Amino acid sequence: MTTVTDPDLFDLEHAALAEAGLVFDDAHAPAGIYRLALGELIGHYERLLRETGRLIRRSDRQEREMTVLNQRLQALALSLEYRARHDTLTGVLNRGAVIELSNELLSRCDMALIVLDLDHFKRINDTYGHPAGDTVLQTVVAHLQAVVPETGEIGRVGGEEFTVMLPHTSLDEALEIAERMRAAVAAHIFGAPIERNVTASFGVSWNDTGTPFESAYARADEALYIAKRNGRDQVVRARD
Ligand SMILES: Nc1nc2c(ncn2[C@@H]2O[C@H](COP(=O)(O)OP(=O)(O)OP(=O)(O)O)[C@@H](O)[C@H]2O)c(=O)[nH]1
């Protein structure tokens, strides 16, 4: 039975070294033998230098490739995380992210919550088509973004329904922000094929620290419902 052993990568070098050792020990060896052994050693030493250089270059290249792959992986992870939390059409937070962030904010501070819904949006889609409706949604979000303070966050919780989270904001401030958003949306005249304005209705609740998102949202939504019932294009504060 033969046993398989790992081949020694430096077999040839060991042999050349042993040979040179023997020649070195033999004080009476002729000069030709010395030269031969030295020549062998030089050849192997050069090969070792070449191989070592090649290995170092290869490992440098692999390290650079790994760095690039790592950067791509990190960018991919960031983009996946962004996509998991944002609405693809408007770029604002999606429903899941709204619930998560609201609960997180409400666990440590008070927060006003605005819920708004476009008025008669179905007519826009039905009359001018879905792409025109999409443009309306994007334009409305741009108007909200222009009004919402830096500490606030906008989210899309349904088709044409949005929320604005306003931590550390009093009810009066939130009502004023909602009114400015309402006016900005209502003042915008859309281009062809719509060629008119679109309005939105707003409900606003103020919520103490520790309020669950569901009740903050339910109160604002109830106020929104009243705004719709009272004729739309208006801001209504939630009952206490
Ligand atoms: N273009 C477009 N339309 C959407 C999107 N998501 C939901 N919608 C539409 O939004 C419309 C919502 O209609 P409704 O719930 O009847 O509400 P509305 O017509 O705005 O009426 P009120 O809310 O009572 O004023 C429906 O026609 C949906 O198809 C979207 O991403 N893009």
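Everything numeric here is computed off the predicted structure, so don't read it as measured data. (Residues numbered from 1 in each chain as written. Predicted model: local features only at pLDDT ≥ 70, side-chain atom pairs only at ≥ 80, totals over all residues. Heavy atoms only, no water.)

### Brief notes about the site of the ligand
Alright, step 1. Looking at the ligand, there are 16 residues lining it, with His 120, Phe 121, Asn 125, Asp 134 and Arg 156 nearest.
Alright, step 2. Within the backbone of His 130, one N or O atom sits 3.1 Å away from a nitrogen atom of the ligand.
Alright, step 3. Between Asp 134 and the ligand, the recorded distance is 2.7 Å, taken from a side-chain N or O atom to a nitrogen atom.
Alright, step 4. In isolation the ligand exposes 660 Å². Once the protein is present, 66% of that is buried.
Alright, step 5. Elements with a minimum of two residues in the shell around the ligand: β1 (111-118), α4 (121-128) and α5 (130-147).
Alright, step 6. By residue number, the principal contributor to the shell around the ligand is α5, which donates four residues. (Near = heavy atom within 4 Å. Polar contact = N/O pair within 3.5 Å; in protein donor to acceptor, adjacent residues only side chain to side chain. Areas by Shrake-Rupley, 256 points an atom, 1.4 Å probe, with all protein chains shown as cover. Helix = DSSP H or I, 4+ residues; strand = E, 2+ residues; numbered from the N terminus.)

### Things to note about a nonpolar patch on the surface
Alright, step 1. Taken together, the side chains of Leu 73, Leu 76 and Leu 80 present a nonpolar region at the surface, about 300 Å² in accessible area.
Alright, step 2. On the secondary structure map, Leu 73 appears in helix α2 (residues 31-85). (Patch = residues over 30% accessible without salt bridge, like charges linked within 9 Å, V, L, I, M, F, W, Y side chains within 5 Å. Salt bridge = Lys/Arg side-chain N within 4 Å of Asp/Glu carboxyl O.)

### Considering the pattern of salt bridges
Alright, step 1. With the rule as written, the count across this model stands at 12 salt bridges.
Alright, step 2. For Glu 179, the salt bridge identified is with Arg 182, shortest N-O distance 2.8 Å. Of this pair, Glu 179 and Arg 182 both sit in helix α6 (residues 171-187), three residues apart, roughly one helical turn.
Alright, step 3. Accessibility expressed as a relative area gives 15% for Arg 182, which makes it buried.
Alright, step 4. As a salt-bridge pair, Arg 239 and Glu 222 come within 2.8 Å of each other at their nearest N and O atoms. Of the two residues, Arg 239 sits in the segment after β5 (235-237) while Glu 222 sits in helix α7 (residues 213-229), which places them 17 residues apart along the sequence.
Alright, step 5. Glu 222 sits in the partly exposed class, given a relative accessible area of 35%.
Alright, step 6. Connected through shared salt-bridge partners, Asp 117, Asp 119 and Lys 228 make up one network. (Buried < 20%, exposed > 50% of the residue type's maximum accessible area, 1.4 Å probe, protein only.)

### Examining the sheet that holds strand β2 (residues 153-156)
Alright, step 1. Spatially, the five strands line up as an open sheet ordered β2-β3-β1-β4-β5, and their pairing is mixed. Taken across any chain shown, the strands that pair with only one partner, and hence form the sheet edges, are β2 and β5. Between one strand axis and the next, the sheet turns by 20° as a mean value, whatever way the strands run.
Alright, step 2. Sheet contacts for α6: β1, β3 (161-167), β4 (200-207) and β5; angle to β4, the most-contacted strand, approximately 165°.
Alright, step 3. Of the strands in this sheet, β1, β3, β4 and β5 are in contact with α7, which crosses β4 at around 145°. (Pairing = 2+ DSSP bridges. Axes fitted to C-alpha atoms, helices over the stretch in contact; angles between N-to-C directions. Contact = heavy atoms within 4.5 Å.)

### Notes on unusual backbone geometry
Alright, step 1. The peptide bond linking Ala 192 to Pro 193 adopts the cis configuration, its omega dihedral lying at 5°.
Alright, step 2. As for its position among the elements, Pro 193 is in the loop between α6 and β4.
Alright, step 3. A positive phi is found at His 120, a non-glycine position, where the angle reads about 50°.
Alright, step 4. For His 120, the position within the fold is in the loop between β1 and α4.
Alright, step 5. You can call His 120 partly exposed: its relative accessible area is 34%.
Alright, step 6. Positive phi values are uncommon outside glycine, yet Asp 233 reaches one of about 50°.
Alright, step 7. Mapped onto the fold, Asp 233 is located in the loop between α7 and β5.

### With respect to the domain arrangement of the protein chain
Alright, step 1. Domain annotation of the protein chain identifies domain 1 (11-82) and domain 2 (95-237).
Alright, step 2. The centre of domain 1, based on its C-alpha atoms, is set 67 Å off from the matching centre of domain 2. (Domains from an automatic or database assignment.)

### Section: helix α3 (residues 95-108)
Alright, step 1. A rise of 1.5 Å per residue sets the reference length of α3, with its 14 residues, at 20 Å; its end C-alpha atoms lie 21 Å apart and thus fit the reference within 8%.
Alright, step 2. Three or more residues of α3 are buried, namely Ala 97, Val 98, Leu 101, Ser 102, Leu 105 and Leu 106. Buried residues in α3, looked at end-on, bunch into an arc of 150°, giving them a common side. Facing away from the buried side of α3 by more than 90 degrees, the exposed set consists of Glu 100 and Ser 107.
Alright, step 3. The secondary structure elements touched by the buried residues of α3 are α2, β1, β2, β3, β4 and α7. (Expected span 1.5 Å × (residues − 1). Arc of directions from axis to C-beta.)

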